[in-house]
Amino acid sequence: MSDLPHSGIGAMQHSRWSASRTPRPQTASSITTRVHPHTASADTSRSLAWHIARRPGGLVALAIQYGHLRTSVAAGYAARSRDGIHDLLDVETARATIDTVADLNAALEDGAGISGPAARRAIRAAATAPQYTGTVITARQARQILANPHLAVHDNPHTLLMCVYKRDKALCHRDLKDTPSLDQCVPACANIARTDQHATGLRRRATALDQQAAHVPGPLGERLRDNATRLRDLADAHHRTRTTLQDGTA
């Protein structure tokens, strides 16, 4: 038992520990190879860019978790300053942005409601979606889309809201940044918009909290119930103030 790794050892150390105890063929042809990032195939890079851009929060969420994205990625994958995965990231992020406004536009045209201080800005952004339908986005077009402040629409499923980012109105950080900090959303922020789908999610999450509270005694259970009430209040506020394209108030 003394030969086993300590329970607190990291995953990488555990992998090394396991590898050190795995028998290896004792032949002259036994070679350890490493694939250099520069040799990554185009398909691999494209898949990586797709998954990065389509994370909840996209590049914003990745930057939160991993720090300076372009600096760290460029060191391994980009052959030149604007080539390689830089362009792929731009294209996939632009596609994700267009998908977000296109989905919003489709929902609004189907009668869905939207509320919040940034609702009208979200509606205007969604109205631009048809011009991109069926368009093949080049790297140059992608950079134009990402630089367009009117298309800065970020769905935030964690907090069940949509951030229609305008940096001079943002409360998530005090610095003037080009992207929001989606892990630090402030309820009073003027960049918030909510759709019927978000309101439904709020009620669903509130129900789940009430169910948890039923099995948790004392202050923790009360805290869960208070959070459930807060979420229902947000959903109620949405339904009281929601606007639609069809009712003419949008």
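Refer to the structure printed above.
Structural notes, computed from the coordinates. (Residues numbered from 1 in each chain as written. Predicted model: local features only at pLDDT ≥ 70, side-chain atom pairs only at ≥ 80, totals over all residues. Heavy atoms only, no water.)

Things to note about the overall build of the chain
Link 1 in the chain: Secondary structure summary: the chain contains nine helices and four strands in total.
Link 2 in the chain: Traced from its N-terminal end to its C-terminal end, the chain shows the element sequence α-α-α-α-α-β-α-α-β-β-β-α-α.
Link 3 in the chain: Counting only residues that meet the buried cut, the chain has 34% of its 250 residues in that class.
Link 4 in the chain: A fraction of 64% describes how many contacts in the chain between residues 6 or more apart in sequence connect residues 24 or more apart.
Link 5 in the chain: Element-wise, carbon and sulfur atoms account for 54% of the exposed surface of the chain, whose accessible area totals about 15,700 Å². (Helix = DSSP H or I, 4+ residues; strand = E, 2+ residues; numbered from the N terminus. Buried < 20%, exposed > 50% of the residue type's maximum accessible area, 1.4 Å probe, protein only. Contact = heavy atoms within 4.5 Å. Areas by Shrake-Rupley, 256 points an atom, 1.4 Å probe, with all protein chains shown as cover.)

Things to note about the sheet that holds strand 4 (residues 192-195)
Two orientations exist for strands paired in a sheet by backbone hydrogen bonds: parallel and antiparallel.
Link 1 in the chain: Reading across the sheet, the four strands line up as 1-4-3-2 and stay open at both edges, with antiparallel pairing between neighbours. Each of the sheet's edge strands pairs with one partner strand only, and the pair in question is strand 1 (114-115) and strand 2 (153-156).
Link 2 in the chain: Sheet topology note: the strand 2/strand 3 (residues 161-164) ladder contains four bridges and is antiparallel. The residue bridging aspartate 155 from the neighbouring strand is methionine 162, located in strand 3. (Pairing = 2+ DSSP bridges.)

Describing the nonpolar core
General note: in soluble globular proteins, nonpolar side chains tend to be found buried as a group.
Link 1 in the chain: Formed by 24 residues in total, the largest nonpolar core has its most connected members in Ile98, Leu104, Ile114, Ile145 and Ala193.
Link 2 in the chain: Contributions of two or more residues to this core are made by helix 5 (85-109), helix 6 (119-127), helix 7 (139-147) and strand 3.
Link 3 in the chain: Broken down by element, this core gets its largest block of residues, six residues, from helix 5.
Link 4 in the chain: If near-sequence neighbours (up to four positions away) are discounted, isoleucine 114 is found in contact with Leu104, Leu108, Ala119, Ala122, Ile123, Ala193, Arg194, Thr195, His238, Thr241, Arg242 and Thr243.
Link 5 in the chain: In terms of nonpolar packing, the next biggest core, distinct from the first, is built from ten residues, Leu202, Leu209, Ala213 and Ala235 among them. (Core = buried A, V, L, I, M, F, W, Y, C linked by side-chain atoms within 4.5 Å.)

Re the side chain of asparagine 105
Link 1 in the chain: If you trace the backbone, asparagine 105 turns up in helix 5.
Link 2 in the chain: Apart from the residues lying within four places of it in its own chain, the contact partners of asparagine 105 are Ala126, Ala127, Ala129 and Pro130.

Things to note about the environment of histidine 198
Link 1 in the chain: Examined against the element boundaries, histidine 198 turns out to sit in helix 8 (residues 196-213).
Link 2 in the chain: For the pair histidine 198 and aspartate 155, spaced 43 residues apart in the sequence, the C-alpha separation amounts to 9.8 Å.
Link 3 in the chain: In this structure histidine 198 touches Asp155, Leu160, Leu161, Met162 and Ala193, once residues within four positions along its chain are discounted.

Concerning the side chain of asparagine 156
Link 1 in the chain: Note on placement: asparagine 156 falls in strand 2.
Link 2 in the chain: The exposure class of asparagine 156 is buried, given its relative accessible area of 5%.
Link 3 in the chain: If sequence neighbours within four positions are ignored, asparagine 156 has contacts with Leu161, Leu182 and Cys185.

What about the environment of leucine 151?
Link 1 in the chain: Relative to the elements of secondary structure, leucine 151 occurs in the loop between helix 7 and strand 2.
Link 2 in the chain: Taking the C-alpha atoms as reference points, leucine 151 and threonine 128, separated by 23 residues in sequence, lie 8.5 Å from one another.

Some remarks on the packing of helix 8 against helix 9 (residues 218-241)
Link 1 in the chain: One way to put it is that helix 8 packs onto helix 9 with a least axis distance of 8 Å and a crossing angle of 160°. One way to sum up the angle between helix 8 and helix 9 is to call them roughly antiparallel. Between helix 8 and helix 9 lies a crossing whose hand is left-handed. Mapping the contact onto sequence places Asp196, Ala199, Leu202, Arg203, Arg205, Ala206, Thr207, Leu209, Asp210, Gln212 and Ala213 in helix 8 and Gly221, Leu224, Arg225, Asn227, Ala228, Leu231, Arg232, Leu234, Ala235, Asp236, His238 and His239 in helix 9.
Link 2 in the chain: The residue makeup of the contact of helix 8 with helix 9, split by class, is ten nonpolar, six polar and seven charged. (Axes fitted to C-alpha atoms, helices over the stretch in contact; angles between N-to-C directions. Parallel < 35°, antiparallel > 145°, perpendicular 65-115°, else oblique. Left-handed = near helix turned anticlockwise from the far one by under 90°. Nonpolar A, V, L, I, M, F, W, Y, C, P; charged D, E, K, R; others polar.)

Digging into helix 7
Link 1 in the chain: Within the span of helix 7, buried status applies to Ala139, Ala142 and Ile145. Relative to the axis of helix 7, the buried residues are bounded by an arc of 115° and lie together on one face. Structural note: helix 7 exposes Arg140 and Ala147 on the side pointing more than 90 degrees away from its buried face. (Arc of directions from axis to C-beta.)

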